[in-house]
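These are the residues of each chain, in order.
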Amino acid sequence: MTRTSPARPPARTRARRAALVCAALLAVTVQTTAVAPALAEGPGGPGARECARTARPLDAQGREVLDIARKAKDDLSLNSVELRVTVGGREVVTDALGESMTGVPARPDMHFRAGSVAFAHIGTALLQLVEERKVRLDDTVERWLPFVPKADRITLRMLATNTSGLHDYVTDPAFAAELGPHPFRHWTPQQLLAYPFSHSFWYEPGTSWSYSHANYLLLTIALERITGTRIDRLLEERVWRPLGLRNTRNNFTPDIPEPVLHAFTSDRGLYEESTFWNPSWTTAPGAVITTDICDLARSARAIGAGELLSPRSYRTFVNPGTVGLGGGSATCPETICLPQTEGWHFGLGVIVANTWLAQNPSFSGYAAIQAYLPSQRLAIAVSTTKTANTPAGNTAEVVAERIAAELAPDTPLTLS
């Protein structure tokens, strides 16, 4: 999701784009309250280090960013804000504000579910396989996914770019009616796919654009069958370990590695704890990841700069052919088939917005964002949790937008 010199989209389009943040976030972990420096990132990613607050005193830029985060926390009535900002790999500030639970301070080493951040990792792994000539982006998927309608017309590229035409089960009212009363239910891929498979396609595969979690659920299954490797092991081997993401991992259950940042939400009408709601609906088993704020910032920088890709693959990652697609039609309203422009489009697992490369997951009281601006080598990672008075929407995105406005005023970060 990224762009160059964008005009802010109309209100109805912005409202629909908020649906793109549906790919889950959950939980964050706790450790030391001592103020200690977070070690600088080396060429291969962070060395052995814990994710800790930046040593004081902060420089002027670090103080400014932290003041912005404090004000945003108050303005949005947030329970907690975790943030890390780097420029060219140099740490500007790492900190955590607010509480995990009453009387339990939030700390940078707490883990949270990173939801759709995994999509950027999956897209990167797919392009690596293409570079190795183990698969082609325009291979149709009937060989690996024969159970999918129109499998002989849907390609790996279409799944990775959300251009298959499949409905999104997350925004299906029938799915919402089942998920709402049963937040601890475990969902299988077959159960989730039954929702989009029950609908006709929005459009012929490859002819438009619409966000659907079903695409990445299917792409994950295809990658496992192509490589013979479970997706969590594939991502560990190809993305997490090479980037030094030591606190990023898959969780097959609602459990979260200690220490945990607790979340609360009013999604069901009553403000309640949602920390261990089952995230199995968010994407495929093996790709429901947890992380910490330092790993999220490292991911933002590495994925945004294409560190694991060739220059040719990186160009595809940023624009795999989605520009020019989307827009309303007789079969797909503009609120679903969003226009894909140079200024705002979906890449191969990332949002490209005004030349920023980002992912912005949100789930049941948690919100997060990783964003990278290549021209300034600026990485912003934010995670937030809610109080009963927090407004709707991805509040981490709001915090990041304010930080970006200070550090890159000529290149606004606008995702929704």
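Reference entry: report on the structure contained in this document. It should be emphasised that the depicted structure is a prediction, and the values quoted were computed from it without experimental measurement.

1. Thoughts on the environment of Phe 175
Right, on to step 1. Mapped onto the elements, Phe 175 comes out in helix α5 (residues 173–179).
Right, on to step 2. With relative accessibility at 1%, the residue Phe 175 sits in the buried group.
Right, on to step 3. With 16 residues separating them in the primary sequence, Phe 175 and Gln 191 have C-alpha atoms 9.9 Å apart.
Right, on to step 4. Discounting residues that sit within four places of it in the chain, Phe 175 has contacts with Tyr 169, Val 170, Trp 187, Leu 192, Tyr 195 and Trp 281.

2. Looking at the pairing of strand β18 (residues 378–386)
Right, on to step 1. Along β18, 9 of the 9 residues are buried, which leaves the element largely enclosed by surrounding structure.
Right, on to step 2. The alternating pattern of β18 places Leu 378, Ile 380, Val 382, Thr 384 and Lys 386 and Ala 379, Ala 381, Ser 383 and Thr 385 on opposite faces, both of which are buried.
Right, on to step 3. As paired strands, strand β4 (residues 78–87) and β18 are joined by 9 bridges and run antiparallel to one another. Paired with Ser 80 across the two strands is Thr 385, which belongs to β18.
Right, on to step 4. Note that strand β17 (residues 366–373) and β18 share 8 bridges and pair antiparallel. Each bridged residue has a counterpart across the sheet, and for Ile 369 the counterpart in β18 is Val 382.
Right, on to step 5. Between β17 and the antiparallel strand that follows it, β18, lie 4 residues; Arg 377 among them carries a positive phi value of about 50°.

3. Description of the state of the cysteines
By definition, a disulfide is the covalent link that joins the sulfur atoms of two cysteine residues.
Right, on to step 1. All chains considered together, the criterion is met by 2 disulfides.
Right, on to step 2. The partner cysteine of Cys 51 in its disulfide is Cys 294, sulfur to sulfur 2.0 Å. On the sign convention where negative means left-handed, the S-S torsion of about 80° between Cys 51 and Cys 294 marks this disulfide as right-handed. Pair noted here: Cys 51 is in the loop between β3 (45–46) and α2 (60–75) and Cys 294 is in helix α9 (residues 293–305), with a separation of 243 residues, a long-range link.
Right, on to step 3. In this model Cys 332 forms its disulfide with Cys 337; the gap between the sulfur atoms is 2.0 Å. On the S-S bond that ties Cys 332 to Cys 337, the torsion sits near 100°, and the link is right-handed.
Right, on to step 4. A relative accessible area of 0% places Cys 337 in the buried class.

Here is what the cut-offs are and how they apply
- Residues numbered from 1 in each chain as written.
- Predicted model: local features only at pLDDT ≥ 70, side-chain atom pairs only at ≥ 80, totals over all residues.
- Heavy atoms only, no water.
- Helix = DSSP H or I, 4+ residues; strand = E, 2+ residues; numbered from the N terminus.
- Buried < 20%, exposed > 50% of the residue type's maximum accessible area, 1.4 Å probe, protein only.
- Contact = heavy atoms within 4.5 Å.
- Pairing = 2+ DSSP bridges.
- Disulfide = S-S within 2.5 Å.

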